[in-house]
Amino acid sequence: MRGAAPGRGDSAAACRPPRTTPPAAYRPPPTPAMPSPYTVPMRCFVVVPGALVPAPLAADLVGEARRQRRLPQLERLVARASVQAYDALPPVAARAPQLFWTWAQFGGSGGPVSAPYVAALLAQRAVPGALWHCDPVHIALARDHLLVTALDDAPPTPAQDEALFHEAAAAALELGAQMHRWQGRWFIAFDPPWQLQAVPLAAVLDHSMQEAMPGGADAARWRKLFTEIQIRWHRHPVNEAREAAGQPAINGLWLHGGTADALPALESPFVHVVADAPSLQSWAAATQTPAHALHPLPALADGDVLVQVDGLAAAHRREAWADWLAAAAAVDATLAAIEAQVRPRGGQIELLLFGTHGVRRVVAAAGDRWRLWRRQALVDVLAEPLEGVQ
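Conventions we followed
- Residues numbered from 1 in each chain as written.
- Predicted model: local features only at pLDDT ≥ 70, side-chain atom pairs only at ≥ 80, totals over all residues.
- Heavy atoms only, no water.
- Helix = DSSP H or I, 4+ residues; strand = E, 2+ residues; numbered from the N terminus.
- Buried < 20%, exposed > 50% of the residue type's maximum accessible area, 1.4 Å probe, protein only.
- Contact = heavy atoms within 4.5 Å.
- Salt bridge = Lys/Arg side-chain N within 4 Å of Asp/Glu carboxyl O.
- Pairing = 2+ DSSP bridges.
- Axes fitted to C-alpha atoms, helices over the stretch in contact; angles between N-to-C directions.
- Parallel < 35°, antiparallel > 145°, perpendicular 65-115°, else oblique.
- Phe/Tyr/Trp six-rings, centres within 6.5 Å; stacked < 30°, edge-to-face > 60°.
- Lys NZ or Arg CZ within 6 Å of the ring centre and 35° of its normal.
- Core = buried A, V, L, I, M, F, W, Y, C linked by side-chain atoms within 4.5 Å.

Things to note about the overall build of the protein
Looking only at helices and strands, the protein features 13 helices and 15 strands. Counting the 390 residues in the protein, one finds 49% classified as buried. Sequence-distant contacts, at least 24 apart, represent 76% of the contacts inside the protein between residues at least 6 apart.

Take a look at the structure:
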């Protein structure tokens, strides 16, 4: 793996948290052996969360996608490519396997740690203390459980965000924690660190809260703070106004993306990262790797490049398959734009197609169009085994 090259820019260096020894913890399976980077001038690793669908639904979904011509580029790419066996990640990575996989590529181990790096990127400085994300959410009452839902369809206004943050920060101070906010993102710092294990927000959205509450030696302290904030927000004027407007109340915080352990010394195997995900952008900044947003697609660098295309993830998480089909066309157009840059250089595209529990890798090399004996069916490629094992 390529270490961070010195001298790529003072701004990126200022964003880097202090390097320390990584904790001994779960690490996802290593990336399978791949050809030497010198055999091709460019390898573009394209991560597509939510691409794999449950096997019983695959035939109908892919059939409808073909009828509507939603995925012609993907179908053409995989038809003569090398398709590897489905790789099921451990249960801890369920519902967010791409997050665990990308974290491992940067040298991380255990659960993904993003909060210190995202905070450093947004604040343009290293932030002291054991930092965690604490994102406002709506906790809905389902038939027999509580459901964690995002606020994407009705985000708080800046004034609402400020008012609720002030209440939460006051409650946190009373219990020895300090809240921060940079560019609209909320964080909480524990000094000394609280011993907690938390589930990524991406893995708990639209799923039961009870099954995913933070654990660890200080879990009771977090639950006390969580409850205190809920009490303060219950009849808050912000929530009364939101409910009157038919918007979901903001009635909980989700803690994730932190650690009480020493931060790992990250390294990047990529020369360029293209992604909208704050975690990926912050890990790139911490390793002084140039990073850009996905839209519009920038000029991709030669060498090993990571691109993450998130368009299918939200619909996949909600199991809203009509929305998944609707989003597929835009994802396919992005894949076409990527290929238009990679193919003329004789480069190689490696698709990392993620589902709920694991990933299927598809390697599309420059000469694959001549491998006429290969005829991979898209439905077979996109079907995720129910048991997570193939």
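Quick word on the pattern of salt bridges
Opposite charge on two side chains allows them to pair when their charged atoms are near. If you walk through the whole model with that rule in mind, you get 16 salt bridges. Of the charged contacts in the structure, one is a salt bridge between Arg221 and Asp218, with a shortest N-O distance of 3.5 Å. For Arg221, a relative accessible area of 39% gives the class partly exposed. The exposure class of Asp218 is buried, given its relative accessible area of 13%. Put simply, Arg235 and Glu240 hold a salt bridge, and the shortest N to O gap is 3.3 Å. For Arg235, a relative accessible area of 48% puts it in the partly exposed group. Through salt bridges with shared partners, one network takes in Glu167, Glu174, Glu228 and Arg232.

Some thoughts on unusual backbone geometry
The peptide bond linking Asp191 to Pro192 adopts the cis configuration, its omega dihedral lying at 5°. Even without being glycine, Gln183 reaches a positive phi, approximately 50°. Structurally, the position occupied by Gln183 is in the loop between β7 (177-182) and β8 (185-190). Given a relative accessible area of 64%, Gln183 falls into the exposed group. We note that Gln288 has phi near 55°; this positive angle belongs to a residue other than glycine. Mapped onto the fold, Gln288 is located in the loop between α10 (278-286) and β11 (291-292).

So, the pairing of β7
Looking at chain direction, β7 and β8 are connected through six bridges and run antiparallel. Residue pairing for β8: Arg181 is matched across the bridge by Trp186.

Examining the packing of helix α3 (residues 72-79) against helix α12 (residues 321-342)
Angle between the axes and distance between the axes: these two values describe a pair of packed helices. In contact at an axis separation of 7 Å, α3 and α12 are set at 55° when each is read in the N-to-C sense. Of the possible angle classes, the one that applies to α3 and α12 is oblique. Between α3, through Pro72, Gln73, Leu74, Arg76 and Leu77, and α12, the contact on the second element is made entirely by Asp332, Leu335, Ala336 and Glu339.

Structural notes on the packing of aromatic side chains
Note on aromatic pairs: each is described by the distance of the centres and the angle between the planes. Applying the stated criterion across every chain yields a total of twelve aromatic pairs. The interplanar angle of 65° and the centroid separation of 6.0 Å between the aromatic rings of Phe45 and Phe270 together place this pair among those described as edge-to-face. In this pair, Phe45 sits in strand β1 (residues 42-48) while Phe270 sits in the loop between β9 (252-256) and β10 (272-274), placing the two residues 225 residues apart along the sequence. Looking at Phe270, the relative accessible area reads 3%, which means it is buried. Ring centres of Phe165 and Trp186 lie 5.1 Å apart, and the angle between their planes is 85°; on these two criteria the pair is classed as edge-to-face. Of this pair, Phe165 sits in helix α6 (residues 158-174) while Trp186 sits in strand β8, and the two are 21 residues apart along the sequence. An aromatic cluster of three or more residues is present, and its members are Phe45, Trp103, Phe106, Tyr117, Phe270 and Trp283. Across the ring face of Phe165, the terminal group of Arg181 is positioned such that the distance to the ring centre comes to 4.8 Å.

Some points on the nonpolar core
A general feature of soluble globular proteins is that nonpolar side chains tend to end up buried together. Membership of the largest hydrophobic core comes to 43 residues, with the highest contact counts inside it found for Val46, Leu300, Val307, Trp324, Leu351, Leu353 and Leu382. Put simply, the parts of the chain that give this core at least two residues each are β1, α2 (55-67), α3, β12 (303-308), α12, β13 (348-354), β14 (358-364) and α13 (378-382). In contact with Leu351, other than residues within four places in its own chain, are Val46, Leu74, Leu77, Val78, Leu335, Arg360, Arg361 and Val362. Counting 34 residues, the second largest nonpolar core, distinct from the first, contains Trp132, Val137, Ala168 and Met209.

Without other data, these values stay purely geometric and don't point to any function.
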